[in-house]
Structures are given as structure tokens and as C-alpha cells.
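Coordinate inspection notes
The chain contents come next:
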Amino acid sequence: MKSENFYGLISERLKGHLDDICLETPAGEHYSYAQLEAESARYAQLYMQLGLQSGDRVAVQTEKSPSALFAYLGCLRAGLVYLPLNPAYRDLEIEYFLENAEPGLVICSPERLAAVKALATKRRVAHVLTLDASGRGTLHEAARACPAVFSTAAVGGDEVAVILYTSGTTGRPKGAMITHRNLAANALALHKAWGWQPGDVLLHALPIFHIHGLFVACHCAMLNASKILFLPKFDVAAVMRALPQATVFMGVPTYYTRLLAEPAFGSDVCRNMRLFTCGSAPLLPQTFREFHERTGHTILERYGMTETGMNTSNPLDGPRLPGTVGPPLPGVAVRVVDATGNDVANGEVGELLVKGPNVFKGYWRMPEKTVEEFTGNGFFRTGDLARRDDNGYVSIVGRAKDLIISGGLNIYPKEIEGYLDKLEGVKESAVIGVPHPDFGEAVVAVLVARPGNEDLRESDVIAALKPLIASFKVPKRVFVVPELPRNTMGKVQKNLLREKHLGLFAKP
Ligand code: AMP
């Protein structure tokens, strides 16, 4: 069997670059690619010493640090399954993951040790080790004592490399099984599509418990043997300081709006930049335009999800269109279908289906769910509503489950949000469906006002929309709030808004 261990591909690409800098932190730490090879080998050795075997899961809930990245690469090298967890998860959530994934090792922050140990004992997890925000802890100490060489395990391309629990807003989180081949296919496609070149330096401010920061960002940079300016988190001042040393930056939309809110942000700090990419949540066309005006750069928006990696991307060369996520990446097939599974015409809205070597293997221990989410001919149902134009560019219109059906008519929140965001005084908006005794659901808008427009009135917003859209789409109620609830990836948590306004139209 030819090994398809994804680390093997990275290692191949590092030949001739081992003395180059791989990671540089604001604290002044530097790691070369030779050190990345050595450190990841130590972690792989340690996992073997602990008795972990190929396919065993390693659950990791830590802050971002170079050691955390090496611990991930060690898992790949040893043929183990890496299971990253958001540091924000609390005990009940962690217990579910331990019960569901049955890891052989849990790595947690020292502050969480007592709580995680108690859960691990209950769930019969053999080992618990710690790693703190500076990359120290019992895991790091034990790895120090291990040899810095390791022969990367031979694994088939179809073997699971990572399980990532999806941030589903309903039901229990599902573990998406991502294979070594999935990782390689997507990383190679993005590396090529985004024109990675010698001398590229990545400014990395994303978390690494999610595909965006771990796969899209780190994998591309490592395949290119590029230097990564590794920030512990997104901090506007730190990003502004590091930008002049970088050529590539990857962000979620909120990173861009926060940069634009800085008066000193402009073309000067971006003078060496080659590429800004954006994803994980929709980028407002006004942010796209404002960014271009201020910096001269056109943000490249792309679209993907945990289960599929990246599916579409605006082009490196060629028009990057605001409000679209570009055409499918090479090797990825997309369809837009109606409720009966038939393809809709270009310009019509339907559910987006995808197929390709980037698409995951299935949900961990949920075979029925896996079958449900794939069509008979192997397309994955993304749950995203989309439309495609005549040039193959895809626009994401909303989540299928966000679709509002009011009086039997379909309303796409994204469309209404587009009109709201253009109104004077509106900074951003979220449109939700709320149970209504007559209509089934009613449209409700939650807005954030632009500074100086906090006195924005519900009646004015409704009056401004009425001439623009059909009356069934006009929100029945409008609320102005200081900010929209968002998760760490910048996604608006509409489920929280829906819960808050659940009883709004209830009959007394
Ligand atoms: P996750 O699995 O947490 O990465 O979430 C994936 C979901 O984020 C997708 O199914 C989309 O709903 C949304 N998403 C990702 N990128 C974009 C984008 N560029 N525009 C709009 N929605 C996006």
C-alpha cells in the first residue's frame, strides 16, 4: 500500500526548506521547519509510548500555541485521529465528546485539569495531559523526553485523520470524519488556486480548533514551507503590527470590519500584502467595497464547511464578485437542487450539493445520519441555500433551516438582510422567522445601528422597506441591539435570536 499519510506530503514539500522559519510568535519565539519535524516526531513518539494505537482518538481542548500545532502533526504522523475542541466548551459538552468519541488521550489546559480528569475517569479515558497557552504542561514535558525522530506511519488515504464536531445549531454535535485524502486534496487545490509562491508569509490570527485556521491556513502555508506569523488570537493592534511583514492573511468577516474600524488601517500597513481571503460566514458587499477603497485590495471570498473543506473560491486572477463565493474549486462538483432533488435553472435558489475528494467520509458512529446527508449518487447535502449565475459563480443565500415560510411563502433571510444593510444608519442585520399564529412564521429583523444612529426607529425601518420589497417579506417587528450574538468563527447565532423572540406573537 502506498501511504497517503497527509504528513508525508507536508514532509515531502519541506525538503530543502528545513532551515527556513516555520513559526514566529509575538513573544519572539522562532521555530524552523526542522524543528517542526523534530517536535512533531517527539509527540508521535510520546503517543506510542502511551500505548495509543492507529485509529485511536486524541481529544484536544487547549489554547493556540506552537506546541498545540506540533501535537496535531504528531497525531497525523502516528496514524491517530485528532479531535480538536473549542476551548469555550464546558463540562457537559466535553462529557458528550468523551462519551461519543472514546479517546485514548485527552489534552486540556492546566486550569481545566481537575474537571477534565473527573470526566475522563467517568468515561474511562486512559490518559489526561496538559498544555497551556504558552505551550508548556505535562504533555510538553513528557514529549521533551522522547526521541526527535519518528518514521511517519503508513496509512491509506481513506483512513480518518481528524474528527471535527460540527457546530450544528440543533441536536447533538456530529463528528465529521475527515480522511488523510480529504486533507491532501483540499490543501493542494487551495495552494494552487491561491497561487502560493516562494517568499509568501502567512499572518495567522484564526483559532486552530476549526478547519479555517487549522486546515485552510496552516496546511497551505506548510505545503509552501512558508513562514507563519502565529498570533495567539485575533487582536486588531497585533494584526496591524504584523501586517507589514506578511503577504497572505485569512480572516472571518468580523476581522475585516474590525480592521476597517481602525483609523490607521489602510494601504500603508498592507504594502507587502498579496492576498486577503475571507470565509466561514458571509462577507457583506459593503465591507468588501470599503476594504477595497481603503487598501486597494480585493478580498477573495471562498466557501466551505467542516464536512467538505473548501468547495468554491473567487478566483485569484479574474473577477472577485462581492456577495458571491466564486465558482467550484477544480475537482469539486456542485449542484443547486429543488426540494425534489432536481437541478434548478441558473439564478434560481435551491439547496447546494457538493461532491469531490474534499468531501468527508461520514459522521462518526452515525451511519443513518450519513446516509441521509448524501444523495444516491454521492453528493453531500450542504444545507446551504444557494444560487448560481451563468458564469458558474455561487452565492450563498442562507441556511436551509433559516428559510422562513410565512403564509406559505418562502422568504430568504439573506435577501431581506441585503435591503436592511443598505438603509441609512444600519450597520448590520439578522433576519429570523418567529412562530406566528396566522402566518405560521413571521419575519423579524434584529439590527445594529451605525455609530450616531442609535435612535433608529422600528417604524422608519419598516417604512423604508415597504416600497422596496413585497409586503410579505417586510419584517413585522424590528429590534435595534448594540451587537449581534456571534460564535468564535464570526457566525451570527440566529438560534439565540430565535429563542429570544420565540413568544413575540404568542396569543395572550
Ligand atoms: P462550519 O462547518 O462551522 O465551517 O460552517 C460552515 C457553514 O458556514 C457553511 O455551511 C455556510 O453556511 C457558512 N459559510 C462558510 N463560508 C461562507 C461564506 N463565504 N459565505 C456564506 N456562508 C459561509
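Above this note sits the structure.
Quick look at the structure, then.

Conventions and cut-offs
Residues numbered from 1 in each chain as written. Predicted model: local features only at pLDDT ≥ 70, side-chain atom pairs only at ≥ 80, totals over all residues. Heavy atoms only, no water. Buried < 20%, exposed > 50% of the residue type's maximum accessible area, 1.4 Å probe, protein only. Helix = DSSP H or I, 4+ residues; strand = E, 2+ residues; numbered from the N terminus. Contact = heavy atoms within 4.5 Å. Pairing = 2+ DSSP bridges. Axes fitted to C-alpha atoms, helices over the stretch in contact; angles between N-to-C directions. Near = heavy atom within 4 Å. Polar contact = N/O pair within 3.5 Å; in protein donor to acceptor, adjacent residues only side chain to side chain. Areas by Shrake-Rupley, 256 points an atom, 1.4 Å probe, with all protein chains shown as cover. Parallel < 35°, antiparallel > 145°, perpendicular 65-115°, else oblique. Nonpolar A, V, L, I, M, F, W, Y, C, P; charged D, E, K, R; others polar. Phe/Tyr/Trp six-rings, centres within 6.5 Å; stacked < 30°, edge-to-face > 60°. Lys NZ or Arg CZ within 6 Å of the ring centre and 35° of its normal. Right-handed = clockwise from strand over helix to strand, strands pointing away. Salt bridge = Lys/Arg side-chain N within 4 Å of Asp/Glu carboxyl O.

Focus on helix α10 (residues 253-260)
Across the eight residues of α10, six count as buried, placing the element largely inside the fold. Restricting attention to buried positions, one finds in α10 the residues Pro253, Thr254, Tyr255, Tyr256, Leu259 and Leu260. Contacts from the buried residues of α10 go to α9 (236-242), β11 (248-251), β12 (275-278) and α11 (285-295).

What to know about the side chain of His297
The topology assignment puts His297 in the loop between α11 and β13 (300-305). Setting aside residues no more than four positions away along its own chain, His297 makes contact with Cys270, Met273, Phe276, Phe291 and His292.

Some thoughts on the sheet that holds strand β15 (residues 333-337)
What links the strands of a sheet is backbone hydrogen bonding, and the strands pair in either a parallel or an antiparallel sense. An order of β15-β16-β18-β19 is seen for the four strands of this open sheet, with the pairing classed as antiparallel. One side of each edge strand has no neighbouring strand; the edge strands of this open sheet are β15 and β19 (394-399). The average angle at which neighbouring strand axes cross in this sheet is 45°, direction not considered. Looking at chain direction, β15 and strand β16 (residues 350-355) are connected through five bridges and run antiparallel.

Focus on the sheet that holds strand β14 (residues 309-313)
Across the sheet, which stays open at both edges, the eight strands sit in the order β2-β1-β10-β9-β11-β12-β13-β14 with mixed pairing between neighbours. The sheet is open, and its two edges are formed by β2 (30-32) and β14, each paired on a single side. Pairs of neighbouring strands in the sheet enclose a mean axial angle of 25°, with direction left out of account. Bridge count for strand β9 (residues 201-204) against β11 is two bridges, and the pairing is parallel. Pairing of Leu203 across the sheet is with Phe249, part of β11. Sheet strands touched by helix α8 (residues 211-223): β9, β10 (227-230), β11, β13 and β14. Its angle to β9, the strand with the most contacts, is close to 165°.

Points about the environment of Lys401
Among the structural elements, Lys401 can be located in the loop between β19 and β20 (404-406). Residue classification places Lys401 among the partly exposed residues on the basis of a relative accessible area of 40%. Along the primary structure Lys401 and Gly383 are separated by 18 residues, whereas in three dimensions their C-alpha atoms are 7.3 Å apart.

Observations concerning unusual backbone geometry
Positive phi, close to 45°, is recorded for Glu102, a residue that is not glycine. Residue classification places Glu102 among the partly exposed residues on the basis of a relative accessible area of 44%. The residue Ala225 is not glycine, and still its phi comes out positive at about 50°. With respect to the helices and strands, Ala225 occurs in the loop between α8 and β10.

Focus on the site of the ligand
By nearness alone, 16 residues border the ligand, and Glu301, Arg302, Thr306, Asp384 and Lys491 come closest of all. Note that an oxygen atom of the ligand is positioned 2.6 Å from one of the side-chain N or O atoms of Asp384. With respect to the ligand, the side chain of Lys491 contributes an N or O atom lying 2.9 Å from an oxygen atom. Burial of the ligand by the protein amounts to 91% of the accessible area it has alone, namely 500 Å². Per-element tally for the shell around the ligand: the top contributor is β13, with five residues.

Quick word on the packing of helix α3 (residues 66-78) against α8
Their axes nearest at 13 Å, the elements α3 and α8 cross at an angle of 85°. Considering the angle they form, α3 stands roughly perpendicular to α8. Along the contact surface, α3 presents Leu69, Tyr72 and Leu73, while α8 presents Leu214, Phe215, Cys218, His219 and Met222. Of the residues assigned to the contact of α3 with α8, the class counts are seven nonpolar, one polar and no charged.

Focus: the packing of aromatic side chains
If you walk through the whole model with that rule in mind, you get 18 aromatic pairs. Members of the aromatic cluster, joined through ring pairs, are Phe234, Phe249, Tyr255, Tyr256, Phe265, Phe276 and Phe291. Above the ring of Phe230, the side-chain terminus of Lys64 is found at 4.8 Å from the ring centroid. Sitting over the ring of Tyr419, Lys422 keeps its end group 5.8 Å from the ring centre.

Overview of the pairing of strand β24 (residues 477-480)
The side chains of a regular strand alternate, first on one face of the sheet and then on the other. When strand β23 (residues 440-449) meets β24, the two strands line up parallel, connected through four bridges. Within β24, the residue paired with Ala445 across the bridge is Val478. In terms of handedness, the path from β23 via helix α14 (residues 458-465) over to β24 forms a crossover that is right-handed.

As for the pattern of salt bridges
Counted according to the given criterion, the structure contains 20 salt bridges. Of the charged contacts in the structure, one is a salt bridge between Lys227 and Glu24, with a shortest N-O distance of 3.1 Å. Of this pair, Lys227 sits in strand β10 while Glu24 sits in strand β1 (residues 21-24), placing them 203 residues apart in sequence. The partly exposed category is assigned to Lys227, whose relative accessible area is 28%. For the salt bridge of Asp343 with Arg335, the shortest nitrogen-to-oxygen distance reads 3.0 Å.

Everything listed here is a matter of geometry and, on its own, says nothing about what the molecule does.
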